[in-house]
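Working through the structure, step by step
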Amino acid sequence: MLTDLRHAIRRWRQRPAFAAIAVLILALGIGATTSVFSVIDGVLLRPLPWPEAERLVAIYDVQPERASNPAFADTWNRGRITWSAWQALRSSRAFEDVGVWMTSRQALGEDRSQVVETVHASSAFLRLLGAQIVLGRTLGPEDDTMPSDAILISHRMWQGQFGGSADIVGKTTVLAYLADSGAGGAIKRIAGVLAPSFEHPGTTGDVFLPMGLNSYIGRFPNRMLSAVGRLAPGVSIESALGVADPIIRGSDPPAKRTGRLVRLADERIGGAAPPLWLLLGGAGLLLIVACSNVAGLLLGEARGRRHEIAVRTALGGSRGRLLRQLTIEHLLLAVAAGFAGLVLARWITPGLVALAPPSLPGLDAVTINARASALALVLGLSTALFFGLAPAVSLFSTRASEALAEGARKHSRRGAAGQRLIVAAELALALVLVVCASLFGETMMRLSARGLGFDPANIAVISTTVTAMPGKPLPGTYKQSFENWGEPERPAPVRAGTPARRVSRDESIVRYEREMLASQAHTAGALERLKALPGVMSVAGAGTAPFTGGWVTMRVKAAGRPAEEEQVVQRQVITEGYFETMGIPILRGRAFGRSDRPPASAAIISQELERRLFGGNALGKRLMQGTISFEVVGIAANARQRAFTDEELAAVYVLDRRYGQAGNLLVRTTGDARSTLLLMADALRQYDPRMVVTSMTTMEQLVAKSVAEQRFRATLASVFGGAALLLAAIGVYGLAARRVTERRHEIGVRVALGAEPRDVRRLVLREAWVMVALGFAGGIPAAYAASQATQSLLFGVSSTAPHVFIMAAVFLAAAAIVATLVPARRASHIDPMLALRE
């Protein structure tokens, strides 16, 4: 065995270029496949963190009449349920238990200096998801009845905010809604710390509060609760839906609402599974192309060793002895390729994770683990051994006398035919990958060229909120802007167990309006502070910044038109300067100005909404939202607000002074906005220490994030397609070069008989054309079948677009011809005298 190993090492040391090329080609396919498998393993195959996950379902309310409205494209079948529906569901026999939750943002601590995402959760919700704790206790049924001051904090918050303190359990903190401008926060006691493995679908909550059955009864008649349930033993999801559907409908007519159950495992992954499996298929095709390439190389190598094997057989060498040596030789290649592929995968995988869209769950768990490493080694071993030994073993069927005879070229021609078929198969598979890469690439191009309706360059997007500190009055800007409101009330100190004073409805409305106006004035002051910074061109506020994922809708119709013409459209609350900052042209009319103050009600509408409701010039006409009337003072160009694929272009823009808050600050700068983000955050902190920046980014980053999935697919498909194209060209070159070497004598005879160099080149190129034709014959049907699988992932391009197939075929044919030109040129310069002496 050691002797065979030494012979194998000596063999590949004598052919270093051949060995290196074979290992690198195979490592490329193994590395790509292992990397993509690692992502799939972390995202799709990793065991779910919930007990009996196969029986967990997400419970949704569905409004079918919204399905055709682009404004509800992402939400029409993902609605929440009511409190009474929850109680009825958990009492039904279809479910073992049902848990609910709802999220909000609250200020934490005495000084309210930190804004956290809080989750009101029932104890059943935590129990269903198998919530484990590292300190203290979890929430139990006793916490579902008020009063309960217990809260749970996430492991991340425990380590960050509380420094991993071991005596955190039992400590108290203040938790208050952001809308509360006073100090009326409730004192909460930390009951436990959740384990870092706890995964909560739909949110990354830091603080978990009891839902509180008694206190919430009657407070939430609307559909506000997200729900998850565990199916009872033996109950199918279809049977459970039959029970849940009438409960979820409630008192609404059946035509308006229905229920929907989705397995929580599928909901966690969402639509990520099909694209990932498709990419794994692409990586697998690339591996097959690499294997075919190496198979062609090894087949040619085996044909070149026919004489050697024949001599050794004639001298008494047994087939078993020869087979063992060949096995060890190819085993060395296999192990080297496997380890090289593993190293390449460890280099590729982090880049793959960085390129992957953040919406993919479990990206933090993606790693080259034992399963991925085993996959790389198994692929290397099986590929090199199979494709190396199969052609070598076929040599044992050749008689030694035939191999030693000068006229044994017939066998060589049969071997060349087999190698041509392998290269043709490479071309066919490469065509499949190039077609898919072209489809995904054109999808990305169509999206990028679609137009946003605004200019995202050099715009900073800063989301803020204001937390009220006990004992600290509101900024002076409030009083300067609204003197008639007087000084704000001084907050009262926080006392545990102090009952809240009941206020009348009118008093609540006055307080709400006062706080709203004060908040708007505060936003205006913050914008003025930002506008004074160097390099700032313009500033504005928006209720929902474009491409941040959220949106608000409103029902509107033209004044004087029947109610059935009412439409649901997007609503944007903005400040002055919004259109200038965003770069949205005002086509007709004017933008908002200082004259648009309450009680005046002005609105600017998009060109699409003008077309839908008014069919022509809408300037000066009235727009109705229920009983509220707006005068249309401007027509803005259509602008996409949620994604490049957004089809809802009908929008109404209203001023924050009249219709809400604009807590997202938009700042257009003269240069790259990223370089000024920290400067802006410091300016806001100096303006008001209570102003907390909850997120900072740029509009270009938000726009790029909206097409992250499409870019991920297009990039990987392009890499796979390009690599397959390169490998196919290498395969064509290798075959052409070997054929020229084998046919030197024949070419010498042709030249001696008067063949011109162009005739020789045509002879070599003709063989390449035959391989290309065979590759296209098998590749076009396969590419058509593969393109059908990608149809749901495409945008703006048909999976059967002729120009895509033509372009891919031209690229592949050109690569094959270019790869053949060098051997063809070498063949045309063969010296006939030297060739005839060989």
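Anything mentioned here points back to the structure above.
To start, this report covers the structure provided alongside it.

Calculation notes
Position numbers for residues count from 1 along each chain, tracking the sequence in the order it is written. Side-chain atom pairs in this predicted model are given and counted only at pLDDT of 80 or more, local residue features only at pLDDT of at least 70, and totals for whole chains, interfaces and linings cover all residues. The side-chain values count all of the structure's non-hydrogen atoms but skip hydrogen atoms and water molecules. A run of DSSP states H or I qualifies as a helix once it reaches four residues; a run of E qualifies as a strand once it reaches two. Both are numbered from the N-terminal end. Under the scheme applied here, a residue whose accessible area is under 20% of the maximum for its type counts as buried, over 50% as exposed, and between as partly exposed, the area being computed with a 1.4 Å probe on protein chains only. Pairs of residues are marked as contacts when any of their non-hydrogen atoms sit within 4.5 Å. Surface accessibility follows the Shrake-Rupley procedure with a 1.4 Å probe radius. Residue values consider only the protein chains on display as shielding. Salt bridge criterion: a side-chain nitrogen from Lys or Arg within 4 Å of a carboxyl oxygen from Asp or Glu. The axes used here are C-alpha line fits, helices contributing only the stretch in contact, and every angle between their N-to-C directions lies in the interval 0 to 180 degrees. Should an angle fall under 35 degrees it is taken as roughly parallel, and over 145 as roughly antiparallel, whereas 65 to 115 is taken as roughly perpendicular and any remaining angle as oblique. Working rule for handedness: look at the near helix, and if it is turned counterclockwise from the far one by less than a right angle, call the crossing left-handed; if clockwise, right-handed. Under this grouping Gly is polar, as are all residues other than the nonpolar Ala, Val, Leu, Ile, Met, Phe, Trp, Tyr, Cys and Pro and the charged Asp, Glu, Lys and Arg. Distance and chemistry together define a polar contact, namely a pair of N or O atoms within 3.5 Å, with one atom able to donate a hydrogen and the other to accept it when in protein, and with adjacent residues in sequence counting only for side-chain atoms on both sides. Excluding any residue in a salt bridge, patches collect residues exceeding 30% relative accessible area, merging like charges within 9 Å and nonpolar Val, Leu, Ile, Met, Phe, Trp and Tyr side chains within 5 Å. Put simply, two rings from Phe, Tyr or Trp (the six-membered ring, in Trp's case) pair if the centres are within 6.5 Å, and we call them stacked under 30 degrees between planes, edge-to-face over 60, tilted for the rest. The arc in question is traced by the directions running from the helix axis to the C-beta atoms. Nonpolar core, defined: a set of buried Ala, Val, Leu, Ile, Met, Phe, Trp, Tyr and Cys residues in which side-chain atoms within 4.5 Å join the residues together. The rule for pairing is simple: two strands pair if DSSP sees at least two bridges between them.

Some points on the overall build of the chain
Of regular secondary structure, the chain possesses 26 helices and 21 strands. Counting only residues that meet the buried cut, the chain has 51% of its 838 residues in that class. A separation of at least 24 residues holds for 81% of the contacts in the chain among residues at least 6 apart in sequence. On the chain, roughly 38100 Å² of surface is accessible, and the fraction owed to carbon and sulfur atoms is 58%.

As for the pattern of salt bridges
Within the structure shown, the criterion is met by 23 salt bridges. For Arg55, the salt bridge is made with Glu96, and the minimal N-O distance between the two is 3.4 Å. Placement of the pair is Arg55 in the loop between α2 (16-45) and β1 (56-62) and Glu96 in strand β2 (residues 95-108), with a sequence separation of 41 residues. A residue is classified by how much of its surface remains accessible, and Arg55, at 15% relative accessible area, is buried. For Glu96, a relative accessible area of 41% gives the class partly exposed. The closest approach of N and O atoms between Asp759 and Arg762, which form a salt bridge, is 2.9 Å. Taken together, the positions of Asp759 and Arg762, both in helix α24 (residues 757-789) and 3 residues apart, correspond to about one turn of that helix.

Considerations on the packing of helix α21 (residues 699-706) against helix α22 (residues 708-742)
A packed helix pair is summarised by two numbers, namely the angle formed by the two axes and the spacing between the axes. In contact at an axis separation of 4 Å, α21 and α22 are set at 60° when each is read in the N-to-C sense. Mapping the contact onto sequence places Ala704, Lys705 and Ser706 in α21 and Ala708, Gln710 and Arg711 in α22.

Side note on the packing of α24 against helix α25 (residues 802-828)
With their axes 9 Å apart at the nearest point, α24 and α25 run at an angle of 155° to one another. What the angle tells us is that α24 and α25 run roughly antiparallel. α25 is crossed by α24, and the crossing has right-handed handedness. Of the residues in the contact of α24 with α25, the class split is 20 nonpolar, 3 polar and 2 charged.

Details of the side chain of Asn664
Note that Asn664 resides in strand β20 (residues 664-669). Residue Asn664 is classed as buried on the basis of its relative accessible area, which comes to 12%. Reaching out from Asn664, the side chain makes a polar contact with the side chain of Ser463 at a distance of 2.6 Å. Polar side-chain contacts of Asn664 include one of 2.8 Å to the backbone oxygen of Gly543. In this structure, Asn664 is in contact with Ile462, Ser463, Ala540, Gly541, Ala542, Gly543, Thr544 and Ala545, ignoring residues within four places of it in sequence.

Topic: the environment of Asp759
Residue class for Asp759 comes out partly exposed when judged on its relative accessible area of 30%. Along the sequence, Asp759 and Ser828 sit 69 residues apart, while their C-alpha atoms lie 8.1 Å from each other. Polar contacts involving the side chain of Asp759 include one to the side chain of Arg762, which spans 2.9 Å.

Description of a nonpolar patch on the surface
Among the surface-exposed residues, Leu331, Val335, Phe339 and Leu381 lie close enough to one another that they form a single nonpolar patch of about 310 Å² accessible area. Top contributing element to the nonpolar patch by residue count: helix α11 (residues 319-355), with 3 residues. Inspection of the secondary structure puts Leu331 in helix α11. Owing to a relative accessible area of 34%, Leu331 belongs among the partly exposed residues under this scheme.

Topic: the packing of aromatic side chains
Evaluated as defined, the whole model comprises 8 aromatic pairs. Here the aromatic rings of Tyr578 and Phe579 are separated by 5.5 Å at their centres, their planes lie at 85°, and the arrangement is edge-to-face. Overall, Tyr578 belongs to the buried group, its relative accessible area being 0%. With relative accessibility at 6%, the residue Phe579 sits in the buried group. With centroids separated by 6.0 Å and ring planes inclined at 45°, the aromatic side chains of Tyr578 and Tyr653 adopt a geometry described as tilted. One end of the pair, Tyr578, is in helix α17 (residues 578-582); the other, Tyr653, is in strand β19 (residues 651-655), with 75 residues separating them in the sequence.

Points about α21
Restricting attention to buried positions, one finds in α21 the residues Met699, Leu702 and Val703. Projection of α21 onto a plane perpendicular to its axis shows the buried side chains occupying an angular sector of 100°, all on one side. The inward-facing, buried residues of α21 contact β11 (459-466), α17, β20 and β21 (691-698).

Here we look at the nonpolar core
Tyr578, Ile584, Tyr653 and Met699 are the most contacted members of the largest nonpolar core, which has 123 residues in total. Apart from residues no more than four positions distant in its own chain, Met699 is found in contact with Phe454, Pro456, Ile459, Val461, Pro546, Met582 and Leu666. One finds Ala53, Ala131, Leu139 and Phe208 within the second-largest nonpolar core, a separate group that totals 23 residues.

Concerning the pairing of β1
Counting buried residues in β1 gives 7 out of 7 residues, a clear majority hidden from the surface. Neither face of β1 is open: one carries Leu56, Ala58, Tyr60 and Val62, the other Val57, Ile59 and Asp61, and all of them are buried. Note that β1 and strand β9 (residues 226-231) share 4 bridges and pair antiparallel. Of the residues in β9, the one forming a bridge with Leu56 is Arg230. Relative to strand β10 (residues 258-263), β1 runs antiparallel, the two sharing 6 bridges. Bridged to Val57 within β10 is Arg263.

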